[in-house]
Amino acid sequence: MSLLIRGGRVVDPAGGTDAVQDVWIADGRIHKVGKGLKPPAGTETVDATGKVVCPGFIDIHVHLREPGFEYKETIASGTRAAAAGGFTAVACMANTFPVNDNRAVTDYILARAKVEGAVRVYPIGAVTRNLEGKQLAELAEQAEAGCVAFSDDGKCVMNAELYRRAMEYALPFGVPVISHAEDCDLGHRGAMHEGFVSTELGLSGQPAAAEDVMVARDIILAELTGAHLHIAHISTVGAVRLVRDAKARGVRVTAEVTPHHLLLTDEVVRSYDSNCKMAPPLRGKRDVEACLEALVDGTIDCVATDHAPHALSEKEGEFAEAANGIVGLETAVPLLLDRLVRPGVLDLPTLVTRLSAGPARLLNLPGGSLAPGAAADITILDLEQSWTVDPAAFRSRGRSTPFAGFTGVGAPWMTLVGGLKVAP
Amino acid sequence: MSWKRKDLLGMQDLDAAEIIGVLDTAASMKEIAAREIKKVPTLRGKTIVNLFYESSTRTRTSFEIAGKWLSADVINFSASGSSAEKGESLLDTARNIEAMSPDVVVVRHKAAGAPALLARHLRCGVVNAGDGAHEHPTQALLDLMTIREKKGHLEGLNVTIVGDITHSRVARSDIHGMRKMGITVTVAGPPTLIPAQCQELGVKVSHRLEEAIAHADVIVMLRLQHERMQGGFIPSLREYSRVWGLSLAKLEHCRPDVLIMHPGPVNRGVELAPEVADSAYSVILDQVANGVAVRMAVLYMLAGSKSA
């Protein structure tokens, strides 16, 4: 089985490539990248002239909802959404039912993914049993079963002693602990960001300090334990500053940011549209600017979507009572290309790095480059493709997005996993 | 006057001309209350639904009387607790009510934004009778009516709103409405009960009661919810009352013609000393009377000015 992707602009920052070249795939792996490659006669060819050929994009923060919440999303629907959105791999969070806090659930997710998954699926195990923040989950067995990180995402482990122990205990497995940094006392379940908009709307607000306090605590614990701490969905100017300072000190801390925290502020909540409700909440203008700056300068290592599908009935009611979370897999790449790369806020190779090599390195995943011998996970972009966000057309079962009706130019064109086309 | 809105959701949406329009209409409605037979046929054949998700006696009664004096059929629909607890979603309830073809739905809900949600989905008019800590526009209108009646004008006055600004929809509606009418608004309370970036609403913020009320033409005292101790907003009712409660002694340094207002129900002895509530400064019962007039005006403008 071999395939030639001919004549595309190959952007592989990890391999130092940005040139029009061919990519020759054999037996599911990258065989050769170069100009004018001549595979044997009869090799299937994809004409990628005018397109951009990148290492497969990896989204390390996704909620696939299976097992337990199949009415929101399944491994089948979620991975199809990923493929359509240009992602060749996703890491899925542990807040399923039952919670992925033991080997049996990890095994189940991996088995389902093998049968039904359109893209690679890497489970993230829970830090504490049933996400209760009281007792460690069986981290060793979960790591052995294939968990690539540990996180109680959706909740914060409020007990600092327990979190310290989790960081220490996870050290031998060489995987990061991912922090959903939100002091829930300080945040007191505020429905949105605390600021002028929450004051006008009369919605209870959670201050940026609820995130900053926890990022500071977790950095201090990472310093104490030597663990690799990864900050999920960073969203405040203060948290960005803390991560930047910690990195400068040599602390093993990394961070991700979502497209919505890069592109929207709390102003959009004025409509009381619960498609603008998620955790952490949409922040102020200065926070957005700080996140963008940090993504450009590398303080933030990767973009992750926090794809969090819900049923319509869980989102359509009163803002304060609506579920937290929006979908992101099918909108992330088009939005980033149009809103960041086209206006020159971020150059294309940097974006590709933040979507491929960045997340791969962070979770020690294969992928992130088109080096010969690597699995042929490839995302091909069409920078001229215009689009309109239409939730009804999503492959995801989730429909909640604050970006409905947005238009732009530049989108994923083809996604290949192990040399096989998974989208379109 | 021209009223073009389908709904009345908040004072933030209205401009000064619209506010004056409501106040003038309300002033003419007030005359009906003095009649022997308190009924005019203006809204005969119209249906008004009071959809109250939060318990409220005076606001619901006020809307009910307003509708009845205008000869509308008024139906009270009390839905206690949140829609989620009740099992039927707010939108489903709304669609069911819509199917009964009301002309106006008056809604009170603990969730900010709930009336806006209904207004987007219902063809009939929606009046916000209080949504969470967001807005309570008819309260602001009756406050403005009362002030205009007593002072003869609105522009140039100083109004001080005292108490729990953070959780108060009355404060927000008053602030928007008063500023549009040229009133200078000061809010005063302990910093824990002043919301984030409150000054950006266009008000002065004070943390000292005596200073905040010294030059006020009107003082609006807000009701303090007893559960505020639990959130750590105040240490005790006793201390709150001593520092932020209005007593005759504190009024000594105020303007002699100052008006004391309160949206009710009053916690006597907490935010208002009983002798202040019953004093000549107090116009609390005028507010209640004007509430009916303002709601008649609003119902008339939403249901009656459309050609039937």
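The structure displayed is predicted, hence computed values, not measured ones.

**Student:** Looking at this model, I keep getting lost on the overall build of chain A. Mind explaining?
**Tutor:** If you tally the helices and strands in chain A, you get 14 helices and 18 strands. In terms of overall dimensions, chain A is globule-like: its C-alpha atoms have a radius of gyration of 21 Å, near the 22 Å expected for 424 residues. For chain A, buried positions account for 62% of its 424 residues. Once local pairs closer than 6 in sequence are excluded, the contacts in chain A between residues at least 24 apart make up 76%.

**Student:** I'm lost on the nonpolar core in this one. Help?
**Tutor:** Formed by 131 residues in total, the largest nonpolar core has its most connected members in Val23, Ala91, Ile124, Phe150, Ile231, Val243 and Cys291 of chain A. Looking at this core element by element, the count peaks at 7 residues for helix H7 (residues 208-225) of chain A. One finds Val107, Ala188, Leu222 and Met301 of chain B within the second-largest nonpolar core, a separate group that totals 111 residues.

**Student:** What should I look at first to understand the sheet that holds strand S6 (residues 57-62) of chain A in this one?
**Tutor:** Strands in a sheet are paired, the pairing made by backbone hydrogen bonds, and the direction either parallel or antiparallel. All names here are of chain A. Strands sit in the order S6-S7-S8 across an open sheet of 3 strands; the sheet is parallel. Both edges of this open sheet fall to S6 and strand S8 (120-123), since each of them pairs with a single strand only. Along the sheet, successive strands turn relative to each other by an average axial angle of 20°, direction set aside. As paired strands, S6 and strand S7 (residues 87-92) are joined by 4 bridges and run parallel to one another. From the neighbouring strand, valine 62 faces S7, where its bridge partner is cysteine 92. Running at roughly 175° to S8, helix H2 (residues 103-116) makes contact with S7 and S8 of the sheet.

**Student:** How should the domain arrangement of chain B be read in this particular structure?
**Tutor:** Interface size is commonly expressed as the accessible area that is lost once the parts come together. Residues and elements named next belong to chain B. Looking at the assigned domains, one finds that chain B contains domain 1 (11-132 + 291-304) and domain 2 (137-287). Once you take the C-alpha centre of each, domain 1 and domain 2 turn out to be 25 Å apart. Across the contact, 19 residues belong to domain 1 and 16 residues belong to domain 2. Breaking the side of domain 1 that touches domain 2 down by element, the ones donating at least two residues are helix H1 (16-33), strand S4 (125-131) and helix H12 (284-304). The residue makeup of the side of domain 1 that touches domain 2, split by class, is 10 nonpolar, 5 polar and 4 charged.

**Student:** I tried to follow the packing of helix H8 (residues 237-249) of chain A against helix H10 (residues 285-297) of chain A on my own but got confused; where do I start?
**Tutor:** Each pair of packed helices can be summarised by the angle the axes make with each other and by the distance between the axes. All names here are of chain A. Where H8 contacts H10, the two axes come as close as 8 Å, and the packing angle between them is 30°. By the angle class used here, H8 and H10 are roughly parallel. Contacts between H8 and H10 involve Val237, Val240 and Arg244 on the former and, on the latter, Arg286, Asp287, Ala290, Cys291 and Ala294. Residue classes in the contact of H8 with H10 are distributed as 5 nonpolar, no polar and 3 charged.

Conventions adopted
- Here the residue numbering is sequential within each chain, running from 1 through the sequence in written order.
- Chains and ligands are labelled sequentially in the order written, the chains with letters from A and the ligands with numbers from 1.
- In view of the model being predicted, local features appear only for residues whose pLDDT reaches at least 70, and side-chain atom pairs are presented and counted only at 80 or more, with totals across whole chains, interfaces and linings using the full set of residues.
- Segments assigned H or I by DSSP are reported as helices when at least four residues long, segments assigned E as strands when at least two residues long, and all are numbered from the N terminus.
- The size measure is the radius of gyration over C-alpha atoms, and the globule rule it meets is 2.2 Å times the number of residues to the 0.38 power.
- Exposed residues have 12 or fewer other C-beta atoms within 10 Å of their own C-beta, buried residues have 20 or more, and residues in between are partly exposed; the C-beta atoms are placed from the backbone.
- Residue pairs are scored as contacts if the distance between their C-beta atoms, which are placed from the backbone, is within 7 Å.
- What we call a nonpolar core is a set of buried Ala, Val, Leu, Ile, Met, Phe, Trp, Tyr and Cys residues whose membership is set by joining through C-beta atoms within 7 Å.
- Only strands joined by at least two bridges in the DSSP assignment are considered to pair.
- Orientation is described by lines fitted to C-alpha atoms, with helices fitted over the stretch in contact, and by angles between N-to-C directions that extend from 0 to 180 degrees.
- Residue ranges assigned to the domains are those given by an automatic or database domain assignment.
- Ten residues, namely Ala, Val, Leu, Ile, Met, Phe, Trp, Tyr, Cys and Pro, are considered nonpolar, four, namely Asp, Glu, Lys and Arg, are considered charged, and the remaining ones, Gly among them, are considered polar.
- Angles are sorted into four bins: roughly parallel if under 35 degrees, roughly antiparallel if over 145, roughly perpendicular if 65 to 115, and oblique for all others.

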